[in-house]
Amino acid sequence: MLGLLLGLVMAQEASLPDQYRQDYSFQVSEYQKKYIDYIDKKEIYTKYRTITSKKDKIDAAKSALIARNTMLKSYLLALRVNFDSFKTLSGITTQKIQIELSRWEDWCQEQNLIIDNLNSQNDISSWVDDFQTKYIPIQTVIYTALTQNQINQRLLSLELIKKLAENLKANPQTGDLLNDWLNSLPVKSDLVSAKLKNAQNLTQTKQLSNRFINFYSNAKTELNEADRYLQNMLSDLKAVAIKLNQL
């Protein structure tokens with residue numbers, strides 16, 4: 001019941017800004033402690049079945065759920081803030097995702113107030129069932145955000161490569177050195193754009209009502225292929241720069 005989130009996005013933690021990564025790590029630690037306490041209280045209740053142990057189990061469950069929501073909220077916040085560094089080339093798309101992330105942050109905060117007023121195991125179980133339904137769009141926006149943020153970074157890299165090419169082209173010493181590279185640049189640039197578009201399209205994968213279909217691994221494949229073309233473009237550019245330095 002309480003273990004749904006712990007492994008959600010730990011692999012992505014390193015990509016978060018330091019301040020928000022630290023807060024998220026702290027919230028993960030708090031959730032782990034609350035979850036362990038819940039397991040302990042649950043075992044005691046299973047063994048003794050007293051009114052007191054039942055209340056302790058319910059209270060521990062509520063604390064763990066609140067800690068889990070707080071952990072999730074901190075991660076959503078970190079994803080939202082992380083967009084700010086690389087959103088200039090897809091501002092509208094990024095803004096929509098940030099609004100959606102913010103909406104789910106608010107939802108997590110509101111749910112903590114609701115959880116605090118749950119009085120029975122049935123109430124808790126009902127809340128968890130509802131959360132499992134809500135968790136599908138939450139996962140969708142999380143992995144959409146992870147994908148779009150990486151798309152934005154690659155769009156910026158492509159833009160910088162194009163500017164470097166223009167600067168080299170303007171160099172009076174360049175002559176015909178850039179001809180071959182410039183002729184292949186539009187093709188490679190289009191390939192990068194196509195791969196990034198494919199990754200973005202995957203974020204629109206239709207979700208089931210009872211199960212999240214994870215598109216992120218396929219999106220990463222497209223992003224990695226875009227990286228390959230970007231690296232190839234940069235290698236060509238570096239070769240031209242070396243030749244210029246030898247003149």
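Trainee: Where do I start with the overall build of the protein chain in this structure?
Mentor: Summing up its helical and strand segments, the protein chain has 6 helices and 0 strands in all. Along the protein chain, helices and strands appear, N-terminal first, in the series α-α-α-α-α-α. When burial is assessed residue by residue, the protein chain has 40% of its 247 residues classed as buried. In the protein chain, the share of contacts with a sequence separation of at least 24, taken over all contacts with a separation of at least 6, comes to 80%. Put simply, the protein chain shows about 13,600 Å² of open surface, and 51% of that area lies on carbon and sulfur atoms.

Trainee: Would you mind going over the packing of helix H1 (residues 18-48) against helix H2 (residues 51-82) with me for this structure?
Mentor: Each pair of packed helices gets described by two things: the angle between the helix axes and the distance between those axes. In the contact formed by H1 and H2, the axes pass within 8 Å of each other and the chain directions differ by 165°. Comparing the axis directions of H1 and H2 gives the class roughly antiparallel. Judged by the sense of rotation from one axis to the other, the crossing of H1 with H2 is left-handed. For the contact of H1 with H2, the per-class residue count stands at 17 nonpolar, 5 polar and 10 charged.

Trainee: Mind showing me how you'd approach the environment of Lys73 here?
Mentor: When you line up the elements, Lys73 lands in helix H2. Expressed as a C-alpha distance, the spacing of Lys73 and Glu105, which sit 32 residues apart in the sequence, is 5.0 Å. When near neighbours in sequence (up to four residues on either side) are disregarded, Lys73 contacts Glu105, Cys108 and Gln109.

Trainee: How should the pattern of salt bridges be read in this particular structure?
Mentor: A side chain with one charge may pair with a side chain of the opposite charge, provided their charged atoms come close. Enumeration over the complete set of coordinates arrives at 10 salt bridges. Here Glu30 and Lys33 are joined by a salt bridge, their closest N and O atoms 2.8 Å apart. Here the residue Glu30 and the residue Lys33 both occupy positions in helix H1, the gap between them amounting to 3 residues, near one helical turn. Owing to a relative accessible area of 22%, Glu30 belongs among the partly exposed residues under this scheme. A single salt-bridge network, built from bridges that share partners, covers Lys195, Glu222 and Glu225.

Trainee: What is the right way to look at the packing of H2 against helix H4 (residues 121-170) in this model?
Mentor: Between H2 and H4, the least distance of the axes is 11 Å, while the angle of their chain directions is 15°. By the angle between their directions, the pair H2 and H4 is classed as roughly parallel. In the crossing of H2 with H4, the sense of the turn from one axis to the other is left-handed. Judged by residue contacts, Lys57, Ile58, Ala61, Lys62, Leu65, Arg68, Asn69, Leu72, Tyr75, Leu76, Leu79 and Asn82 of H2 engage Gln121, Ile124, Trp127, Val128, Phe131, Ile138, Ile142, Ala145, Leu146 and Asn149 from H4.

Rules used in this analysis
Throughout this description, residue numbers start from 1 for each chain and increase along the sequence as written. Selection of residues for local features in this predicted model requires a pLDDT of at least 70, selection of side-chain atom pairs for listing and counting requires 80 or more, and totals for whole chains, interfaces and linings are taken over all residues. Hydrogens are left out, water is left out, and the side-chain values use all remaining heavy atoms of the structure. Each helix is a run of DSSP H or I of at least 4 residues and each strand a run of E of at least 2, with the numbering of both proceeding from the N terminus. To sort residues, take the accessible area from a 1.4 Å probe on protein chains only and compare it with the maximum for the residue type: under 20% means buried, over 50% means exposed, and anything in between is partly exposed. We call two residues in contact when some of their heavy atoms are within 4.5 Å. Residue burial considers only the protein chains on display, and all accessible areas are found by Shrake-Rupley using a 1.4 Å probe. Structural elements are reduced to axes, namely lines fitted to C-alpha atoms, with helices fitted over the stretch in contact, and the angle between N-to-C directions of any two is expressed from 0 to 180 degrees. Angular relationships are summarised with four words: roughly parallel below 35 degrees, roughly antiparallel beyond 145, roughly perpendicular across 65 to 115, and oblique for the angles in between. Helix crossings are classified by the rotation of the near helix relative to the far one: an anticlockwise turn of less than a right angle makes the crossing left-handed, while a clockwise turn makes it right-handed. Residues are sorted three ways: Asp, Glu, Lys and Arg are charged, Ala, Val, Leu, Ile, Met, Phe, Trp, Tyr, Cys and Pro are nonpolar, and all the rest, Gly among them, are polar. Counted as salt bridges are all cases of a side-chain nitrogen of Lys or Arg within 4 Å of a carboxyl oxygen of Asp or Glu.

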